[in-house]
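Geometric and topological summary
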Amino acid sequence: MDKNINITLKVWRQKGPKAKGAFETYKLKNVSQSSSFLEMLDVLNEQLVSEGKEPVAFDHDCREGICGMCSLYINGHPHGPDTSVTTCQLHMRKFDDGAVITVEPWRSAGFPVIRDLMVDRYAFDKIIQAGGFVSVNTGGVPDANAIPIPKKNADLAMDAAACIGCGACVAACKNGSAMLFVSAKVSQLALLPQGQVEAARRAKAMVAKMDELGFGNCTNTRACEAQCPKEVSISNIARLNREYIVAKLKD
Amino acid sequence: MTQINSKIPEGPLADKWRNYKDHQKLVNPANKRRLDVIVVGTGLAGASAAASLAELGFNVLNFCIQDSPRRAHSIAAQGGINAAKNYQNDGDSVYRLFYDTIKGGDYRAREANVYRLAEVSNSIIDQCVAQGVPFAREYGGLLDNRSFGGAQVSRTFYARGQTGQQLLLGAYSALSRQIGLGRVKLYKRHEMLDVVTIEGRARGIIARDLVSGKLVRFAAHAVVVATGGYVNTFFLSTNAMGSNGSAAWQCYKKGAWFANPCYVQIHPTCIPVHGEFQSKLTLMSESLRNDGRIWVPKKLEDAAAIRSGQLKPTQIKEEDRDYYLERRYPAFGNLVPRDVASRAAKERCDAGYGVGSGLAVYLDFADAISRLGRKVVEERYGNLFQMYEKIVNDNPYETPMMIFPALHYSMGGLWVDYELMTSIPGLFAIGEANFSDHGANRLGASALMQGLADGYFVLPYTIQNYLADQIQVPRFKTDAPEFAACEKQISERIARLMSIKGKRSVDSLHKELGHIMWEHIGMARNADGLRKAIDMLKQLKSEFWSNVLIPGSGADLNVELEKALRLADFIEIGELMARDSLDRQESCGGHFREEYQTPEGEALRQDEKHSYVSCWEYNGDNEPLMLKESLDYEFIVRQQRNYKN
Amino acid sequence: MWLIKSSIGRKLVMSITGLFLIMFLLFHASMNVAAVFSEEAYNMICEFLGANWYAVAATGVLAAGFIIHIIYACWLTLQNRKARGGDRYAVNVRPKSVEWASQNMFVIGLVVIGFLALHFLQFWYHMMFAELAEKVGINVSLPDGIASTHDGYAFIEYYFAQPLVVALYLIWYAAIWFHLTHGFWSAMQTIGINSGLWMKRWITASNIFATLIMLCFAFVTIFFYLKSIM
């Protein structure tokens, strides 16, 4: 049964990308275990504001686990100790009375800190801009049922497409690699006949952009997959490797 | 009274859109490059419009308040998107989709707009499939459909419980492609704070860079607002934390009419409120009503025992359960439209049959699990069940879910004509930000349809009819006096907010606003309550402007300031909603006036007096003026909505 | 050149060289097992692998494999450290499904190389190197009691009679075991011969394969130690 707990928070505060950050410690009393982690931070911020202090800046939006905006590294895990959830779906019942909770931003060269726990993930958008699409203009496309797609492939594509672009994979990776993110998009589109047409070009362009932006090299530790809130599998990385190597060998 | 020209094309209903396209003005490719269009918002409507306009050759400037265009709240739509494909051979057609939508909207939408929506719905599905949207498929490789509230055919396409996400990512990928090609310039973490008009035409916006806190001017030949709805006025809603009505509200203050603000949708299947720290409500897709059965205990004592924890729902015998939707609406059962389902839940809870905290009813899958097997149920709704379990800590495979209605969508919004242009020339509104297609109530799986219809297939045509006259107008400079004046006004507003240094946090005031809204302008409204609410909102407004506390600086990243700017507008929106609700002396769709109901408690429309769109015009510090756009139905006959037989 | 410029290309080089080294290990293990059964057979192999042009050429290829594997490992590790950014997490927890080895391949690799140097000094230096040196007139002195650079069997008996050497070798095998359990399936993954279903198969195969090979090595080592004290 959910009860009220007292907790100690160690929160990373950093003024800007170049500024030096440090942890600040806050104590919170009577936090309802049925509230979400972000609601707990709301309470903290309310407390800070009432003291005239600047609240902790963190990204969040939909608060139902789908927009991918929330991005906290809690007690050594991206999105916290619960599995298959984003930070906004993490609930305080995962913590015990008296818990010390360390909250850090995503740490990776690809995601510079903007303020406190807020990071800049525009690199992900740039990777998509490099090739994460099917080159069709609006209009002039065939009927939706013109090309049957085996259910198995459609399902696998959907598994990959479930990626919310939160960046937990990069945050979890000791190499700061973005391979899970890139491979999810490459896989989704490579599995569908609509995306197959430019699959080789896409894989090359997206990997080149990923490398250019300074993400690390994948060493198959599987930390990304373990921490992914949408359980995107690293079999997508294998598919990306395959697509990429075959594309390069054909050149 | 100003004569309102909604520019509906001539001809029979089915020919109007084609006639329009056949005769509208177009812009030739060489000229398109010389025309700039600002699109504010990157949801389904904004992203699809920005991408499509850029594909045509226009120069597009696109804005979003989040860190990426992919975060827009369209992403959270779960259930599906409607289209009149009739792939299931169950008798669907463009006309039937049109008719269901008009009827679902309680006959308060324009016929021509809704028909066009139904007409282009099929192209949307084709487009999305071509983009690589992984819709659910049958073993034969063809697309699968499910049924949704308010329809008797299966016309809803879906991608598990993440349809909105997949459609948005489709539009986002098209948009990303154009950004990569340099045809769209994206400004992320930028919030539009005002629209700039020059000689009566929309010519640009002032945005605040949310990271640096600086105000930035942007000029263009036309401005498209795709900034979503305003139900966060209620504080607790299913909208994202950042969803706000400010962009639309600033357009209103610049002279664009605000239409039907009282029409907001209360979604019947949300996870009930858990406590005072709650920041938002989580929707459980309407698709759950396909297989879930809604009930409360038949006996008051059982309900009380459940609330006190003495009884579990599984201990209530079948004959002691009241499947009230199936009882009251035998023809549609659990699949009645949202407004009907929400009111029915409220009725049961008000009568003392509520479970949980008293404000909840059961959504039970026991039948479906024994009929279809757990595996099938898991396949259909697995992610929703998991989400429910994470939030509530209760396993819905074993005990029924608890649900309660919550604010979800605003049918009202900026008034637009058939071309999606507001009453300010050159200012367009698309998606949820406009009022156009859902009347007084939106059917499930229709928001995605409308957003994409506007963005992919309507605006890229109709905007050309306007821009064709603008090809002689050279690119604007942002040093025009109108830009300077507008920017000055905003900096003064920010300075004033920062200087208040009162005692109350933005959120505490927002919660107070939410209580007033829910209490008096919520699911059931009456004249006394509405008048009271207007007074309370006036007080709240003065409390806000004299006692809000915003730490930090105005010229820096400042989340509290962002929230304060939005809240200032929400309070005013709330007041306009109250005024509109007061004016609309009838019950229709999402607007339920207690004074106007049938003996059985159903909504009672007053067609003779109220079949109009109320268009509110800003009038400075005085009370706003109301213009009426009459809704004359040429093609269908209005009926009392009937989901009983 | 994509094998240098792209991350996947660099990883591919790691995989291919890694797989090549795994093949060598397999060969080496089989060769060692031969020693248990027949001194002649083992020494015949040793002679075959002496200062013959084909053996020297093969050694060159093998060395190249090692060196490329090592250079790329250093390079990738440096890049990856940079990609992690300046600040490190204060609290970091390894998820259950993440193998310890997978996150410590570089360190394990260093340990393996360290012991490899010892192994070279003990065996290769006194065998192939000594033969080659002899050809240019340099004399490498052999350990006491060993007459010929071809007498591999004597080398085994000599070294594996020393408990310290045996212990060091067993530690070395453990390190290689860790390196292999991750390295083998990881190589398959990088080459792209993997899927949801094959993931489990490859990981199991990695574990079995690494264990078998290392048991072979350990068996030979322990066998000769026991033989020496009996």
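As for the interface of chain A and chain B
- Listed as interface residues are 77 residues of chain A and, on the opposing side, 77 residues of chain B.
- Around 6,400 Å² of area is buried between chain A and chain B when both sides are counted, 54% of it from carbon and sulfur atoms.
- In this structure, the connection of chain A to chain B is made through nine salt bridges.
- Among the ionic pairs, Arg121 of chain A bridges to Asp67 of chain B, the shortest N-O distance being 3.1 Å.
- Elements represented by at least two residues in the side of chain A that touches chain B include exactly α1 (37–50), β6 (113–115), β7 (118–119), α2 (122–131), α3 (151–161) and α5 (179–190) of chain A.
- No other element matches α3 of chain A, which puts seven residues into the side of chain A that touches chain B.
- Grouping the amino acids of the side of chain A that touches chain B by side-chain chemistry returns 35 nonpolar, 21 polar and 21 charged.

Re the sheet that holds strand β12 (residues 293–297) of chain B
- Strands sit in the order β11-β15-β14-β12-β13 (chain B) across an open sheet of five strands; the sheet is antiparallel. The open sheet has two edge strands, β11 (264–270) and β13 (321–322) of chain B, and neither has a second partner.

Digging into the nonpolar core
- Ranked by size, the top nonpolar core spans 256 residues in total, and within it Ile81, Phe135, Leu497 and Phe544 of chain B carry the most contacts.
- When residues in this core are grouped by element, the largest group, 13 residues, is from helix α8 (residues 163–191) of chain C.
- Those residues in contact with Phe544 of chain B that sit more than four places away from it in its chain are Leu497, Ile500, Leu509, Ala564, Leu567, Ala568 and Ile571 of chain B.

A few points about the pattern of salt bridges
Residue and element names in this part refer to chain B.
- Scanning the model with the defined rule gives 75 salt bridges over all chains in all.
- Close ionic contact of Asp322 with Arg348 constitutes a salt bridge, the shortest N to O distance being 3.5 Å. One end of the pair, Asp322, is in strand β13; the other, Arg348, is in helix α10 (residues 338–350), and 26 residues separate them in sequence.
- Asp322 sits in the buried class, given a relative accessible area of 5%.

Section: the domain arrangement of chain A
Residues and elements named next belong to chain A.
- Examined at the domain level, chain A breaks down into domain 1 (4–115) and domain 2 (122–250).
- Taken over C-alpha atoms, the centre of domain 1 sits 29 Å from the centre of domain 2.
- Residue-level contacts link 17 residues of domain 1 with 16 residues of domain 2.
- Where domain 1 abuts domain 2, roughly 1,300 Å² becomes buried across the two surfaces, and 58% of that area is made up of carbon and sulfur atoms.
- Among the residues of domain 1 in contact with domain 2, Pro78, Ser84 and Phe111 are the three that bury the most area, contributing 35% of the side total.
- On inspection of domain 1 and its partner domain 2, the count reaches zero salt bridges.

Observations concerning the pairing of β12 of chain B
All names here are of chain B.
- Burial of β12 is extensive: five of the five residues sit out of reach of the surface.
- Pairing of β12 with strand β14 (residues 361–364), which is carried by three bridges, proceeds in the antiparallel orientation. Residue Arg293 lies in a different strand from β14, and its bridge partner there is Asp364.
- One ladder, built from two bridges, connects β12 with β13; its direction is antiparallel. Across the sheet, Val296 pairs through a bridge with Asp322, a residue of β13.

Topic: the environment of Gly18 of chain C
- Along the chain, the position of Gly18 of chain C falls in helix α2 (residues 7–37).
- Remark: the alpha-carbon pair of Gly18 of chain C and Leu49 of chain C, spanning 31 residues in sequence, is separated by 22 Å.

Quick look at a nonpolar patch on the surface
- A cluster of nonpolar side chains, contributed by Phe106, Val107, Leu110, Val111 and Ile113 of chain C, occupies part of the molecular surface with about 380 Å² of accessible area.
- Looking at the element boundaries, Leu110 of chain C is found in helix α5 (residues 105–122).

Here we look at the packing of α2 of chain C against helix α3 (residues 39–48) of chain C
- Relative to each other, α2 of chain C and α3 of chain C sit at 145 degrees, their axes nearing to 6 Å. Side by side, α2 of chain C and α3 of chain C meet where Met31, Asn32, Ala34, Ala35 and Phe37 of chain C of the first sit next to Glu39, Tyr42 and Ile45 of chain C of the second.

Re the interface of chain A and chain C
- Taken together, the contact pairs 47 residues of chain A with 40 residues of chain C.
- The junction of chain A with chain C conceals about 3,400 Å² of combined surface from both sides, 56% of it contributed by carbon and sulfur atoms.
- Considering only the side of chain A, the residues that lose the most area to chain C are Lys174, Asn217 and Asn220 of chain A, jointly responsible for 19% of the buried surface there.
- Applying the counting criterion to the chain A and chain C interface returns zero salt bridges.
- Along the contact surface separating chain A from chain C lie 24 residue pairs in polar contact (both at pLDDT 80 or more).
- Residue assignment for the side of chain A that touches chain C shows that the elements contributing at least two residues are β5 (100–105), α7 (199–212), α8 (223–227) and α9 (235–250) of chain A.
- With ten residues, the top contributor of residues to the side of chain A that touches chain C is α9 of chain A.

Criteria and thresholds
Numbering of residues begins from 1 in every chain and follows the order in which that chain's sequence is written. Each chain gets a letter, beginning with A, and each ligand a number, beginning with 1, in the order they are written. Predicted model: local features are reported for residues with pLDDT of at least 70 only, side-chain atom pairs are reported and counted for 80 or more only, and whole-chain, interface and lining totals are derived from all residues. Each side-chain value is derived from all of the structure's non-hydrogen atoms; neither hydrogens nor water enter the calculation. For this analysis, residues touch if any pair of their heavy atoms sits within 4.5 Å. When two parts are brought into contact, each loses some accessible area as probed by a 1.4 Å sphere; the total of that loss over both is the buried area. Any Lys or Arg side-chain nitrogen found within 4 Å of a carboxyl oxygen on Asp or Glu counts as a salt bridge. The way it works is that DSSP assigns letters per residue, a run of H or I at least four long becomes a helix, a run of E at least two long becomes a strand, and they are numbered from the N terminus. Under the scheme applied here, ten amino acids are nonpolar (Ala, Val, Leu, Ile, Met, Phe, Trp, Tyr, Cys and Pro), four are charged (Asp, Glu, Lys and Arg), and all others, including Gly, are polar. One bridge is not enough; two strands pair if DSSP finds at least two bridges between them. Buried Ala, Val, Leu, Ile, Met, Phe, Trp, Tyr and Cys residues that are joined via side-chain atoms within 4.5 Å together make up what is termed a nonpolar core. Between buried and exposed lies partly exposed: a residue is buried under 20% and exposed over 50% of the maximum accessible area for its type, with that area taken using a 1.4 Å probe on protein chains only. Domain start and stop points were drawn from an automatic or database domain assignment. The patches reported here contain residues having more than 30% relative accessible area and no salt bridge. Joining distances are 9 Å for like charges and 5 Å for nonpolar side chains (Val, Leu, Ile, Met, Phe, Trp, Tyr). Each accessible area is a Shrake-Rupley result for a 1.4 Å probe, and residues are judged covered by the shown protein chains and nothing else. Axes, fitted as lines to C-alpha atoms, cover a helix only where it is in contact. Angles between the N-to-C directions of the axes lie from 0 to 180 degrees. A 3.5 Å cut-off defines polar contacts: any pair of N or O atoms within that distance qualifies, except that in protein one atom must be a possible hydrogen donor and the other a possible acceptor, and neighbouring residues in sequence count only when both atoms are side-chain atoms.

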